[in-house]
Each structure stands twice: as structure tokens, then as C-alpha cells.
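Overview (structure and organization)
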Amino acid sequence: YATCIHETCGGNFDAMFGPAYKGIPLATAAAGALYRNYGVDKPYFFNRKEIKDHGEGGGLIGYKPKDGDNIIIVEDVITAGTAVRETMPLLKADVSVSDMFISVNRCEIGKDTTKTAVQQVKEEFGITVHSIISVEDIHEYLMTKEEYKDVVKAMEAYMAEYCVLDK
């Protein structure tokens, strides 16, 4: 994640947001790796699924976004774009979200059956999604391994039914 973020944004963002639950350790680890590997020191924050009314309280933990901030999102995958749709109202301040970083672009059909969820996030929110790897990359790798020929067949059937692939 840190390499992908650094190559894409450098330090041109104000904070990282990791949606609960999987995004929390990913944003935390990415923040540490960005500093350790590139000297980019950026805060991060995440949401709670249930708002606490005691202790620190509230729905956001960590950095508190301010008007004008450019936030990036760190998440595991996008299936239907639900996490992004839930995230945007949580940010509360007048912020921009320019980029989202995911581990795997599954190229899965979103709400609109002609486009992937990644394409829909770009159209709906203006967020560019960057993935470390795609389902196509995984398929290409598995095709080079004879021991995975049965997995490749199952994967191709799945991809034919649920994915929108680049041609």
C-alpha cells in the first residue's frame, strides 16, 4: 500500500481513512510504512461501526478531518462500493477524497451491471481507485501454473458471470 500511495500521491494528501473494519489495520500499516520507507508523515483515522457515548466517544477515531482536507481511503477490496457510500457522510467536514487504494480489484459488476464497482466509484464520487493487483493479474499468474488448472477453470467461470474485464 505505501508504495502504491507514494507512487500515486507522494505526500499530496492530508490524511488517510481506513473504513471499519478491514481498512483500520491497512491504513495504520500504510501510515507507518509511508513514514519508514519514504519519510511521508501523515495522520490516519477510522470509523467505529457503533458510536460510543463514553470515553473518546463519537464515530471517528484518530485524525479529525478539517474543511479543505484531501483525504485518501485505504481499503481491502471494493465489491459494490458500499464502504465508499457509507464513508462519505462520515467525514462530515468539507473534504475532498481524491484517491482510494485497494489490494485487489476484483473487477466485479457493481450496482450497474455494465460497469465495475471501481468504475462506478469514479463516476459517482470522482475517486480514482488504485489497486495493487487485479483479478486479471491473478488469473494470468495462475495460468502459468499447471497445478492450478482446475482453479483457473472455476475462476474463469466466476469471472465470466460476475466481472467486467478490460478487453
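Before any of the text, the structure's been laid out above.
Heads up: these notes are all about the structure in this document. Computed from a predicted model, the values in this text were never measured in an experiment. (Residues numbered from 1 in each chain as written. Predicted model: local features only at pLDDT ≥ 70, side-chain atom pairs only at ≥ 80, totals over all residues. Heavy atoms only, no water.)

**Side note on the overall build of the chain**
Here is the rule we go by: To qualify as a helix, a DSSP run of H or I must reach at least 4 residues; to qualify as a strand, a run of E must reach at least 2; elements of each kind are numbered from the N terminus. Note on exposure labels: buried denotes an accessible area under 20% of the residue type's maximum, exposed denotes more than 50%, and partly exposed covers the range between, all computed with a 1.4 Å probe on protein chains only.
The helix and strand inventory of the chain stands at six helices and six strands. Reading the secondary structure of the chain in the N-to-C direction produces α-β-α-β-β-β-α-β-α-β-α-α. A principal-axis box enclosing the C-alpha atoms of the chain has dimensions of 55 × 35 × 30 Å. Within the chain, the proportion of its 167 residues that are buried is 41%.

**A look at the packing of aromatic side chains**
As a reminder, the rule being used: When the centres of two rings from Phe, Tyr and Trp lie within 6.5 Å, Trp using its six-membered ring, the rings pair. Their planes under 30 degrees apart give stacked, over 60 give edge-to-face, and anything left gives tilted. Charges are assigned to positions over rings by a cutoff of 6 Å between ring centre and Lys NZ or Arg CZ, combined with an angular limit of 35 degrees from the ring normal.
Within this structure, the stated rule accounts for three aromatic pairs. Between Phe17 and Phe45 the ring centres are 4.9 Å apart and the planes differ by 55 degrees, which places this aromatic pair in the tilted class. Of this pair, Phe17 sits in strand E1 (residues 15-18) while Phe45 sits in strand E2 (residues 44-52); the two residues are 28 residues apart in sequence, bridging distant segments of the chain. For the pair Phe17 and Phe45, one class covers both residues: buried. Centroid distance Phe45 to Tyr63: 6.0 Å. Interplanar angle 50 degrees. Geometry classified as tilted. Remark: Tyr63 occurs in the loop between strand E3 (58-62) and strand E4 (70-74) and Phe45 occurs in strand E2; sequence separation between them is 18 residues. Take Tyr63: its relative accessible area is 17%, and that puts it in the buried class. Among the aromatic residues, ring-to-ring pairing joins Phe17, Phe45 and Tyr63 into one connected group. Between Lys42 and the ring centre of Phe13, over which it is positioned, the NZ or CZ distance is 5.5 Å.

**Some details on the nonpolar core**
Selection criterion: Note on terminology: a nonpolar core comprises buried Ala, Val, Leu, Ile, Met, Phe, Trp, Tyr and Cys residues joined through side-chain atoms within 4.5 Å.
Within the largest apolar cluster, 19 residues are counted, with the highest numbers of intra-cluster contacts made by Phe45, Ile71, Ile78, Met100, Ile127 and Val129. Listed in part, the 15 residues of the second largest apolar core include Cys4, Ile5, Met16 and Val40.

**Digging into unusual backbone geometry**
Of the consecutive residues Ala20 and Tyr21, the connecting peptide bond is found in the cis state with omega at 0 degrees. Here Tyr21 shows up in the loop between E1 and helix H2 (23-38). In the Ramachandran plot, Cys107 falls in the positive-phi region, its phi being about 55 degrees despite a non-glycine side chain. Here Cys107 falls in the buried class, since its relative accessible area comes to 6%.

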